[in-house]
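Structural overview for review
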Amino acid sequence: CQVLHLQAKLPISGLPNAQIEDPVSWMDDFIAEFAGTASSPPSGRIDTRIDGADLYLCTEPAILCGAMGRAFPHRPLLGYFANPLVSYVPRRFAQAWLADMLALSSGETGREAPFMAVASTRFLAEQIRFQTGAGCMAVRPLATYLGPRRGPVRRTGEVVVLRQPSVFWNSACILNSMVRLNTAELSAAHAQGQGGLRVPGLEFVASEELPD
């Protein structure tokens, strides 16, 4: 794996971003479907197991929490976010959704059951608080279900990087490339007692690439 360092601007992608073009109608349809007030019966098979759930979870897109909060006002709702609140929301609807998020968090939507907002990082939790005024907890993913391998005895200078469930790139590759691009600076800082890393022999290894 190798990361190339280019002194140039990358072209802007012409691909459209995924968006819910009309969030208001989308939320109305969602609420009508699950609240049983739709004008026509739902197509396909209905999974009734949702009726027995003690706690509901909404994640991506975040605006789904607004719809679920109204469709299921009597059920506790937990929103767990790894992306900004306005992801998938057109700009013209962003402020209305942020205000709706504050109302949902403060109990001003007529819900009888509580709602709790949780972010996967402290930065995102503070961003949500700044954008909406609503409190948001931070709970970092532990990745325990990914089963990181122990592998053989570690070599000197080898660092195992655990895979994170919300990271879609090879972190070990990125770190090794950063070391390679900054070898001289890191070695000099370490030699002068200014921190830095002992570069010779340093290698980051992805946990999923280790043998059991």
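Each value, and the rule that gives it
- Residues numbered from 1 in each chain as written.
- Predicted model: local features only at pLDDT ≥ 70, side-chain atom pairs only at ≥ 80, totals over all residues.
- Heavy atoms only, no water.
- Phe/Tyr/Trp six-rings, centres within 6.5 Å; stacked < 30°, edge-to-face > 60°.
- Helix = DSSP H or I, 4+ residues; strand = E, 2+ residues; numbered from the N terminus.
- Buried < 20%, exposed > 50% of the residue type's maximum accessible area, 1.4 Å probe, protein only.
- Contact = heavy atoms within 4.5 Å.
- Core = buried A, V, L, I, M, F, W, Y, C linked by side-chain atoms within 4.5 Å.
- Disulfide = S-S within 2.5 Å.

Turning our eyes to something else, we now look at the packing of aromatic side chains. Under the definition given, this model contains four aromatic pairs. Ring centres of Y56 and F72 lie 4.7 Å apart, and the angle between their planes is 85°; this geometry places the pair in the edge-to-face category. Of the two residues, Y56 is situated in strand β1 (residues 56–58) and F72 in the loop between α2 (64–71) and β2 (77–81); the sequence distance between them amounts to 16 residues. For the pair Y56 and F72, one class covers both residues: buried. Among the aromatic residues, those joined into a cluster by ring pairs are W26, F30, F34, Y56 and F72.

For an α-helix the count is 3.6 residues per turn, leaving residues at separations of three or four pointing the same way. Where burial is concerned, most of α2 is hidden: seven out of the eight residues are buried. Those residues of α2 that fall on the buried side of the exposure criterion are L64, C65, G66, A67, M68, G69 and A71. The elements touched by buried residues of α2 are α1 (23–35), β1, β2, α3 (91–105) and β3 (115–119).

Attention now goes to the nonpolar core. A general trend in soluble globular proteins is that nonpolar side chains are found buried together. M68, F81, L85 and F115 are the most contacted members of the largest nonpolar core, which totals 30 residues. Every element with two or more residues in this core is listed here: α1, β1, α2, β2, α3, β3 and α4 (122–132). One finds A172, V179, F204 and A206 within the second-largest nonpolar core, a separate group that totals seven residues.

Glancing now at the state of the cysteines. On inspection of all chains with the given rule, the structure shows one disulfide. Note on cysteine connectivity: C58 is disulfide-linked to C65, with sulfurs 2.0 Å apart. Here the S-S torsion is close to 105°, and the disulfide linking C58 with C65 is therefore right-handed. An identical accessibility class is assigned to C58 and C65; each is buried.

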